[in-house]
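Each chain, letter by letter, is given below.
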Amino acid sequence: MSGTEHEFREIAGDQPATEAGTAAGGREGIELVRADRRHLIHPQHHPSEHLAPHIWVSGKGARLTSIEGKSYIDGLSGMWNVYVGHGRHELAEAARRQLTELPFATAYAGSTHKPAIELAETLKRLVYPNIEAFYFTLGGSDATDTSIRTARFYWGALGKPEKFKIISRKLSYHGSTVGAAAATGVEEFSSVFGPRANGFLQIDSPYPYRFRTDRTGVTEGVAAADLLEEAILREGPETVAAFIAEPVQGGGGGVIVPQPDYFRRIRDICNRYDVLFISDEVITGFGRTGRWFALEHWDVTPDIVQFAKGITSGYFPLGGTGVSAAIKEVMDSVPADRRWMHGYTCSAHPAGCAVALANIRILEEEKLRERAVKGGERLLGRLGQLLDGHPHVGDIRGLGLLAGIELVSVKSTREPYPAELGIGKKIRSALLSRGLLTRLIDETICLAPPLVVSDDEIDLVADIVGDAIAEVTAKSL
Ligand SMILES: Cc1ncc(COP(=O)(O)O)c(C=O)c1O
């Protein structure tokens with residue numbers, strides 16, 4: 001064994017030397033990985049998944065290049081966020097200009113700056129018509145916390161502080177701060193960190209592929225939404241501040257698109273019991289589903305909307321929360337010593353706002369919402385042609401350029417694969433070896449390529465997914 005191979009093994013543990021070597025990118029890669037493993041803590045950290053990490057060095061359009069020079073299609077737009085694609089000089093230039101002119105200014109009450117004002121005005125034009133004012137965060141988790149605190153603040157200011165509970169859904173993901181993780185409906189995000197924060201509860205997800213009701217005379221969408229009413233009545237409407245939901249469940253559920261009548265019914269229930277409806281559009285905002293914001297598909301408006309990811313296409317950390325005119329009025333009318341006492345140092349960061357404005361300009365000028373519709377149709381169409389009859393493909397679903405392909409052990413009963421088979425990991429490996437980078441939620445392959453992805457790249461993504469499924473399911477029969 002050569003010295004280099006030996007070092008690869010040291011890094012990769014039981015992974016084959018060549019695979020680890022490829023991923024690590026030669027000697028430079030070895031040194032980087034060594035330092036990384038010693039000193040860097042990663043999201044969802046575990047060394048077993050970091051034996052031979054990819055080191056990304058550049059990106060262009062829908063493609064990423066790793067340190068050893070291999071090109072991959074970025075099937076999830078980074079972390080569902082790089083909408084306008086990699087390597088956009090316009091966004092780098094917007095950041096450079098702003099960082100040169102005014103790198104930072106506080107946005108605390110009594111102070112403001114042009115990029116933040118311009119961004120708030122732009123969002124007022126794009127977001128649901130009832131949404132009036134915006135608070136900018138650094139990402140989605142702090143946007144969730146902002147929305148939750150704002151909902152509780154609102155009821156407190158109206159003399160109802162006991163209205164503080166937050167209802168969310170199983171298989172939802174709302175972030176990793178203490179508050180956002182408490183709303184998140186996937187147990188693993190909370191269970192290793194001690195007790196959940198008080199006042200959070202979850203109802204079942206509408207999950208069309210798996211949700212079943214024994215109620216008669218109502219659709220599944222209505223039955224799924226009525227779980228919210230049951231929960232509100234069980235808890236007492238006078239104790240419930242808000243319901244928070246992603247229009248399409250992404251990171252916790254694997255691209256779950258609800259039944260078409262679900263959110264209308266949700267809106268009616270929230271109205272009936274004076275419960276605020278928070279739409280978490282961190283994944284679905286800014287045209288990902290073909291509309292600026294996804295509840296537009298069902299003609300529903302929320303009281304609070306939160307966003308992140310696509311607002312800057314990941315070129316700068318920024319998120320935010322928008323509130324209805326009614327909530328803004330309450331925020332403006334409380335006495336100063338009862339004010340909305342919430343704030344982050346980097347709220348409305350000037351460079352983040354400037355990048356967001358430049359990013360939104362690209363989304364508009366290049367008609368990327370339309371592209372999401374067309375590209376999404378092409379992707380789902382091609383996946384359907386390739387995989388509809390496959391004995392282990394249970395469900396192919398999506399909206400705009402968001403798609404999920406759920407694999408099952410037994411199609412007729414929708415029986416999932418046993419976890420110990422590790423099908424998800426095997427599929428991810430098979431996709432990577434063919435040049436497609438993406439994530440799986442259990443056995444659901446998630447796809448959300450940049451909105452600038454070409455037709456040829458979409459076809460390639462579908463073909464790679466088809467080949468990977470064929471290879472892995474054939475071996476695992
Ligand atoms: C729907 C949703 N909400 C909130 C978050 C948290 O955002 P962030 O990772 O920027 O804190 C995410 C992240 O994936 C998300 O998908």
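This section reports on the structure supplied with the text. Since the model is a prediction, treat every value here as computed from it, not as a measurement. (Residues numbered from 1 in each chain as written. Predicted model: local features only at pLDDT ≥ 70, side-chain atom pairs only at ≥ 80, totals over all residues.)

### Some points on the overall build of the chain
Line of reasoning, step 1. When its secondary structure is counted, the chain shows 16 helices and 15 strands.
Line of reasoning, step 2. On C-alpha atoms alone, the chain measures out to a radius of gyration of 23 Å, which is about the 23 Å that the 2.2 N^0.38 rule sets for 477 residues.
Line of reasoning, step 3. Its C-alpha atoms put the chain at 75 × 65 × 45 Å along the principal axes.
Line of reasoning, step 4. Residue pairs at least 24 apart in sequence account for 72% of intrachain contacts in the chain once pairs closer than 6 positions are excluded. (Helix = DSSP H or I, 4+ residues; strand = E, 2+ residues; numbered from the N terminus. Rg over C-alpha atoms; globule rule 2.2 N^0.38 Å. Contact = placed C-beta atoms within 7 Å.)

### Quick notes on the site of the ligand
Line of reasoning, step 1. Around the ligand, 15 residues are found, and the nearest of them are Gly139, Gly140, Ser141, Gly175 and Val282.
Line of reasoning, step 2. A total of three residues in the shell around the ligand trace back to one element, the largest contributor, which is helix H7 (residues 140-157).
Line of reasoning, step 3. Per-class residue counts for the shell around the ligand are four nonpolar, nine polar and two charged. (Near = placed C-beta within 6 Å. Nonpolar A, V, L, I, M, F, W, Y, C, P; charged D, E, K, R; others polar.)

### Thoughts on the nonpolar core
Line of reasoning, step 1. Residues Ala242, Phe243, Leu276, Val355 and Val465 are the most contacted members of the largest nonpolar core, which totals 124 residues.
Line of reasoning, step 2. Split by domain, this core shows at least three residues from each of two domains, domain 2 (54-84 + 368-475) and domain 3 (89-365). (Core = buried A, V, L, I, M, F, W, Y, C linked by C-beta atoms within 7 Å. Buried ≥ 20, exposed ≤ 12 C-beta atoms within 10 Å, placed from the backbone. Domains from an automatic or database assignment.)

### Regarding unusual backbone geometry
Line of reasoning, step 1. Even without glycine at this site, Gln44 takes up a positive phi of about 55°.
Line of reasoning, step 2. Assignment of secondary structure puts Gln44 in the loop between helix H3 (26-39) and strand E1 (56-60).

### Some thoughts on the sheet that holds strand E10 (residues 319-324)
Line of reasoning, step 1. The strand order across the open sheet built from seven strands is E4-E10-E9-E8-E7-E5-E6, with neighbouring strands paired in mixed fashion. Taken across any chain shown, the strands that pair with only one partner, and hence form the sheet edges, are strand E4 (131-137) and strand E6 (200-203). In this sheet, adjacent strand axes meet at a mean angle of 20° when their direction is disregarded.
Line of reasoning, step 2. Sheet topology places strand E7 (residues 240-245) next to strand E8 (residues 276-280); four bridges connect them, and they run parallel. Pairing of Phe243 across the sheet is with Phe277, part of E8.
Line of reasoning, step 3. Relative to the sheet, H7 contacts E4, strand E5 (165-169), E7, E8, strand E9 (304-307) and E10, its axis offset from that of E10 by approximately 25°.
Line of reasoning, step 4. Here helix H12 (residues 325-333) sits on the sheet in contact with E4, E9 and E10, set at roughly 95° to E10. (Pairing = 2+ DSSP bridges. Axes fitted to C-alpha atoms, helices over the stretch in contact; angles between N-to-C directions.)

### Thoughts on the pairing of strand E3 (residues 71-74)
Line of reasoning, step 1. Summarising the sheet, strand E2 (residues 63-66) and E3 pair through three bridges and their orientation is antiparallel. Paired with Arg63 across the bridge in E3 is Ile73.

### Concerning the sheet that holds strand E11 (residues 393-398)
Line of reasoning, step 1. As summarised here, the arrangement of the four strands in space is E11-E12-E15-E14, forming an open sheet in which the pairing is antiparallel. Strand pairing shows two members of the sheet lacking a second neighbour, E11 and strand E14 (439-441), which therefore form its edges. Sheet twist, expressed as the mean angle between neighbouring strand axes with direction ignored, is 25°.
Line of reasoning, step 2. Judged from the three bridges that link them, E14 and strand E15 (residues 444-447) form a sheet pairing that is antiparallel. Across the sheet, Leu440 pairs through a bridge with Ile445, a residue of E15.
Line of reasoning, step 3. Against the sheet, helix H14 (residues 368-387) engages E11, strand E12 (403-407) and E15, with an angle of about 170° to E11.

### Remarks on helix H13 (residues 350-365)
Line of reasoning, step 1. The end-to-end C-alpha distance of H13 is 23 Å, a good match for the 22 Å that 16 residues give at a rise of 1.5 Å each.
Line of reasoning, step 2. Taken as a whole, H13 has its buried residues at Pro350, Ala351, Gly352, Cys353, Ala354, Val355, Ala356, Ala358, Asn359, Ile360 and Leu363.
Line of reasoning, step 3. In this structure, the buried residues of H13 make contact with helix H5 (89-101), helix H6 (114-126), E4 and H14.
Line of reasoning, step 4. Trailing H13 by a residue or two, Lys367 shows a phi angle of about 50°, which is positive. (Expected span 1.5 Å × (residues − 1).)

### Regarding the packing of helix H15 (residues 423-433) against helix H16 (residues 455-475)
Line of reasoning, step 1. Packing of H15 against H16 brings their axes to within 9 Å, and their N-to-C directions diverge by 130°. If you check the angle between H15 and H16, you find them oblique. Along this stretch, H15 crosses H16, giving a crossing that reads as right-handed. Counting all contacts with H15, which are made through Ile423, Lys426, Ile427, Ala430 and Leu431, the residues of H16 involved are Ile464, Val465, Ala468, Ile469, Glu471 and Val472.
Line of reasoning, step 2. Looking at the contact of H15 with H16 residue by residue, the class counts come to nine nonpolar, no polar and two charged. (Parallel < 35°, antiparallel > 145°, perpendicular 65-115°, else oblique. Left-handed = near helix turned anticlockwise from the far one by under 90°.)

That's the geometry; what it means functionally is another story.
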